[in-house]
Amino acid sequence: MTDRLLAGRAASDASRPEGGRILLAVSHDENRSLLADALEVDHQVVENKPEAIDSDDVDLCVLDPPTLAKHGDVFEALKDRAEPLHLPFLLVVPERNLTDGDVWRQVRAQFPPGVDDLIRTPVSKAELRGRLQSLLRARRQSISLGEQRERLDRLNRVNSVIREVNAALVGAKSRDEAEERVCTRLSEAGPYCYVRICEPRATHETLTVSTEVGSVVDPPEPETATNGERTYGTAAWRSYRDRSTVTTALDPSELAVLDDESASAWLRWADRGGVRAFACVPIRYRDTVYGVLEAYTAEDDAFDEEEQSVLDELGQTIGHTINAVESKRLLLTKGATEVELRLEDGDDALLELVADAGAELALEGVAGTDPPIEFFTVADGDAERLLKRAADSPAIRRQRLVRETADGALVQIVFEEESFAETLTDLGVTVDTLVVDGGGASVVALLPQDGDVGACMRGLRSAYDDVKLRSRRQVERRPLTDGDFVSAVDSDLTERQRNVLQAAYLAGYFDQPRESSGKEVATSLDISSATFHQHIRTGEKKLVSKLFDKITLGGGT
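Residues numbered from 1 in each chain as written. Predicted model: local features only at pLDDT ≥ 70, side-chain atom pairs only at ≥ 80, totals over all residues. Heavy atoms only, no water.

## Points about the packing of aromatic side chains
Aromatic ring pairs are reported here in terms of the distance separating the ring centres and the angle at which the planes meet. Overall, the coordinates contain 7 aromatic pairs when judged by the stated rule. Between Tyr 192 and Phe 303 the ring centres are 6.0 Å apart and the planes differ by 5°, which places this aromatic pair in the stacked class. Remark: Phe 303 occurs in the loop between strand 12 (288–297) and helix 9 (305–332) and Tyr 192 occurs in the loop between helix 6 (175–189) and strand 8 (194–200); sequence separation between them is 111 residues. Grouping residues by exposure puts Tyr 192 and Phe 303 together as buried. (Phe/Tyr/Trp six-rings, centres within 6.5 Å; stacked < 30°, edge-to-face > 60°. Helix = DSSP H or I, 4+ residues; strand = E, 2+ residues; numbered from the N terminus. Buried < 20%, exposed > 50% of the residue type's maximum accessible area, 1.4 Å probe, protein only.)

Spelled out as structure tokens, the structure:
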């Protein structure tokens, strides 16, 4: 006897569920036909042999008891293959079967994995639609959670790799070494199959590959476009220019905006290496961009917002490392590039202060605190008037008079925003002299002998409207050695000051906590406590002056 499967009227359009791919595995021909007619209104009906179905091809299985009895092992295998995603099963049971006892117990005995819901015949279309909607919602939630797990797993892998890269950057002695360590660690540990770093050429606005590591080779060059179009051939350049991370998938739909030749070149390369997407990350330290890190992956759905954020932080870490090694290299090199600059940008807080106060300031040094404290000698003008104007300026956090000197008053100023002196330091230059007058600021600064003057000027001009490079020249400079420092200190200390300092040091006077008091050391030297402290203060000042008297912003002497 044929069961009448469907009864009643269809539900309204307002209650239509989102469509899914439904495997219809019902043995009774009439039931299967009625079900197919009802399901095809909203869903894609899949009618195939159960053993020929892949778990990724369906979202829900509709079965009846005879089919489940005949193919239970096949459907059990299908559920197993779907793990960890949830593949729901709906069992269609004739009304008469429900009178023979506990149907759920019977199903579990026959099919251990179990079904997710039962529906009895005859069934209304509204009821069928509601059951399907509920099961498909569970399926979508499972897929969503699965995608979140995959993204989390990838992000965890990326974070793990980034930690390894950060550890590898510690101790890098040169820019080339830092870049090599980054590319090697990223490509070896995954999930990136190819990594390269591009640097700007000093002569014109384009990029060139400086370091590359990975299993795929010869991607299109990061050339700039003359017409300024946002093409994938210029993704690295846009990242460099805009100081932002650029990501893209390498597939025909994404590359449709390219001209045929460029699109074909990228697609051929991507297909040859199995590359699916890449990210261009600016390597930057504050306002200075040293280049672009390109990371390529063979995985789908890469470079989501969280991963882009992690890579952006990596770009800043690499930039900080390059800035540090470049600054250190300047201290150790015998040759340097000396540049003379002139800034005439009235928007700078220091320039506005000097112009308003009618003074002239010469930078003496910067204490590397947060925020930095900058010390200036008021070489011309009224220091009291300058400090009053500074107190009224919203761009200055605090100011004070340190002391009056024969060369003029020494004042200290702390700015709210990054000052001109900080900008120069961030660009990797060492300031020799900085003098600010009513018309602007004049600077003499040092870069490493092979330092990129063009990059320095681009960084300055991105922050200030009117910066001129007046001159550049190669100079010889001998780095200060430990022996030089000891000789300089010895020549400046009197014999008595040296003896007092040495006795205090050996007696633990400078330890924390002190092993000997000043009075105890003075007694051992057979001098008064007042005389001891006078020698200590004078000796300490001479020692410290050798460190900071000629200190420059980059840390050189």
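There is more to say, and it comes next.
## Describing the pairing of strand 14 (residues 360–367)
Inspection of the sheet shows strand 14 paired to strand 15 (residues 373–380) by 7 bridges, in the antiparallel sense. Among the inter-strand pairings, Ala 367 is bridged to a residue of strand 15, identified as Ile 373. Here strand 14 runs beside strand 18 (residues 430–437); their pairing, made up of 2 bridges, is antiparallel. In the strand pairing of strand 18, Ala 362 is matched with Val 435. (Pairing = 2+ DSSP bridges.)

## A closer look at helix 7 (residues 235–242)
Counting buried residues in helix 7 gives 6 out of 8 residues, a clear majority hidden from the surface. For helix 7, every residue scored as buried is listed here: Ala 235, Ala 236, Trp 237, Arg 238, Ser 239 and Tyr 240. Looking at the buried side of helix 7, the elements it contacts are strand 8, strand 9 (207–214), strand 10 (246–249), strand 11 (277–285), strand 12 and helix 13 (453–463). (Contact = heavy atoms within 4.5 Å.)

## Brief notes about the environment of Ser 516
Take Ser 516: it is sitting in the loop between helix 15 (495–506) and helix 16 (518–525). According to the relative accessible area criterion, Ser 516 is buried, its value standing at 14%. Sequence separation of Ser 516 and Tyr 505 is 11 residues, and the distance between their C-alpha atoms is 9.6 Å. Every residue in contact with Ser 516, bar those within four places of it in the chain, is listed here: Ala 507, Gly 508, Tyr 509 and Val 521. A distance of 2.7 Å separates a polar side-chain atom of Ser 516 from the backbone oxygen of Ala 507. (Polar contact = N/O pair within 3.5 Å; in protein donor to acceptor, adjacent residues only side chain to side chain.)

## Here's the deal with the sheet that holds strand 9
Read from one edge to the other, the open sheet built from 5 strands follows the order 9-8-12-11-10, with strand pairing classed as antiparallel. Here the strands that pair on one side only, and so sit at the sheet edges, are strand 9 and strand 10. Recorded for the sheet is a direction-independent mean angle of 20° between the axes of neighbouring strands. Where strand 11 and strand 12 come together, 9 bridges link them in antiparallel fashion. Residue pairing for strand 12: Phe 278 is matched across the bridge by Tyr 296. (Axes fitted to C-alpha atoms, helices over the stretch in contact; angles between N-to-C directions.)

## Thoughts on the pattern of salt bridges
Side chains that differ in sign of charge can pair as their charged atoms come close. Under the criterion given, the structure shown has 16 salt bridges. Arg 129 is the partner of Asp 42 in a salt bridge, and the nearest nitrogen-oxygen pair spans 2.0 Å. Of this pair, Asp 42 sits in the loop between helix 1 (29–39) and strand 3 (44–46) while Arg 129 is found in helix 5 (residues 125–169), placing the two residues 87 residues apart along the sequence. The class for Asp 42 is buried, based on a relative accessible area of 13%. Notably, a salt bridge pairs Glu 344 with Arg 342, separated by 3.4 Å at the nearest N-O pair. Under the relative-accessibility criterion, Glu 344 is labelled partly exposed at 36%. Shared partners join several salt bridges into a network, and the residues in it are Arg 21, Asp 59 and Arg 139. (Salt bridge = Lys/Arg side-chain N within 4 Å of Asp/Glu carboxyl O.)

## A word on the packing of helix 10 (residues 349–357) against helix 11 (residues 383–392)
Contact pair helix 10 / helix 11: the axes reach a minimum separation of 9 Å and the direction vectors enclose 130°. In terms of orientation, helix 10 and helix 11 fall into the oblique class. As helix 10 runs across helix 11, the sense of the crossing is right-handed. The segment helix 10 lies against helix 11, with Leu 353, Asp 356 and Ala 357 engaging Arg 385, Leu 386, Arg 389 and Ala 390. (Parallel < 35°, antiparallel > 145°, perpendicular 65-115°, else oblique. Left-handed = near helix turned anticlockwise from the far one by under 90°.)

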